[in-house]
Amino acid sequence: MGSQVLVTDELHEYMVAHGMPLDEIASDLVAETNALGGVSEMLTTPDQAGLLTTLTRLVGARRAVEIGTFTGFSALAISRGLPADGELICLDVSDEWTSIGRRYWERAGVADKIDLRIGDAHESAAKLEGEFDLAFVDAEKPGYTDYFEQLVPKIRPNGILLFDNTLAGGRVVGEHTGEDDPVDRKEFNAHIAADERVDVVILGIGDGLTLVRKR
Ligand SMILES: C[S@@+](CC[C@H](N)C(=O)[O-])C[C@H]1O[C@@H](n2cnc3c(N)ncnc32)[C@H](O)[C@@H]1O
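Only a predicted model underlies this, so the values are computations on that prediction, with no experimental measurement involved.

### Focus: the nonpolar core
Among the nonpolar cores identified, the biggest contains 33 residues, and Leu88, Trp105, Leu134 and Leu162 are the most heavily contacted of them. Only helix 2 (24–34), helix 3 (46–58), helix 4 (73–81), strand 2 (87–92), helix 5 (95–108), strand 3 (114–118), strand 4 (132–137) and strand 5 (155–164) provide two or more residues apiece to this core. The contacts of Trp105, once residues within four sequence positions are left out, are Thr69, Gly72, Ala75, Leu76, Cys90, Val110, Ala111, Ile114 and Leu116. Counting 23 residues, the second-largest nonpolar core is a separate cluster that includes Val65, Leu128, Ile192 and Val198.

This is how it looks when you write it as structure tokens:
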């Protein structure tokens, strides 16, 4: 087995500094979100944003769906990877947080590609029509298995699904009790690892980002 590098905060800063940079619009969005206080912990990380844009381009995505939009940072990243006539459907329950994102999507010139649907994403996902090339899931964690089951049939072969926070701060291993025990993530990770419709790779980026390829 090869060795695994430990990503310290300093090394992570180095990785971000040497990866796809955030432009002024994305940086302003991050700054406005950080000013919201504790909820800003929900933000997708800058290196994940670079990966989302890159993967969207790599799979040649034209239609994408995001579950869990918050202030629109990951949606900005995905939409920038889409062609001018591409479409990103964003599902979130919060009008308040997503309205921040709308301003930045306008500023970045990607608002026409984004169709934001407010409501419980389990219900909105059931209403999605047609085939998608890419899905990014970053909403409430106990919902992941349902989102996976709803989305896999809607993704085209060789399309991808991404699930954030799948390592739960590393707590998917070791002894943990009560709220510290990420039972939902452990069940989800085991569920998809055993699914023969997909190939699964867990990337140690951010809080764990699972990349799923539909066979
Ligand atoms: C971790 S944040 C998403 C972060 C975002 N991807 C970003 O780039 O910063 C989770 C989001 O999921 C939304 N959410 C939680 N449960 C939901 C549900 N059942 N249906 C729709 N959205 C939900 C929350 O409103 C919140 O905006």
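### Quick word on the packing of aromatic side chains
Taken as a whole and judged by the stated rule, the model has 6 aromatic pairs. Here Phe70 and Trp97 contribute two aromatic rings whose centre-to-centre distance is 5.0 Å and whose plane-to-plane angle is 80 degrees, an arrangement assigned as edge-to-face. Of this pair, Phe70 sits in the loop between strand 1 (63–67) and helix 4 while Trp97 sits in helix 5, and the two are 27 residues apart along the sequence. Residue classification places Trp97 among the partly exposed positions, given a relative accessible area of 26%. Seen in terms of ring centroids, Phe148 and Phe163 are 6.1 Å apart; in terms of plane orientation they differ by 50 degrees. Their pairing is tilted.

Calculation criteria
- Residues numbered from 1 in each chain as written.
- Predicted model: local features only at pLDDT ≥ 70, side-chain atom pairs only at ≥ 80, totals over all residues.
- Heavy atoms only, no water.
- Core = buried A, V, L, I, M, F, W, Y, C linked by side-chain atoms within 4.5 Å.
- Buried < 20%, exposed > 50% of the residue type's maximum accessible area, 1.4 Å probe, protein only.
- Helix = DSSP H or I, 4+ residues; strand = E, 2+ residues; numbered from the N terminus.
- Contact = heavy atoms within 4.5 Å.
- Phe/Tyr/Trp six-rings, centres within 6.5 Å; stacked < 30°, edge-to-face > 60°.

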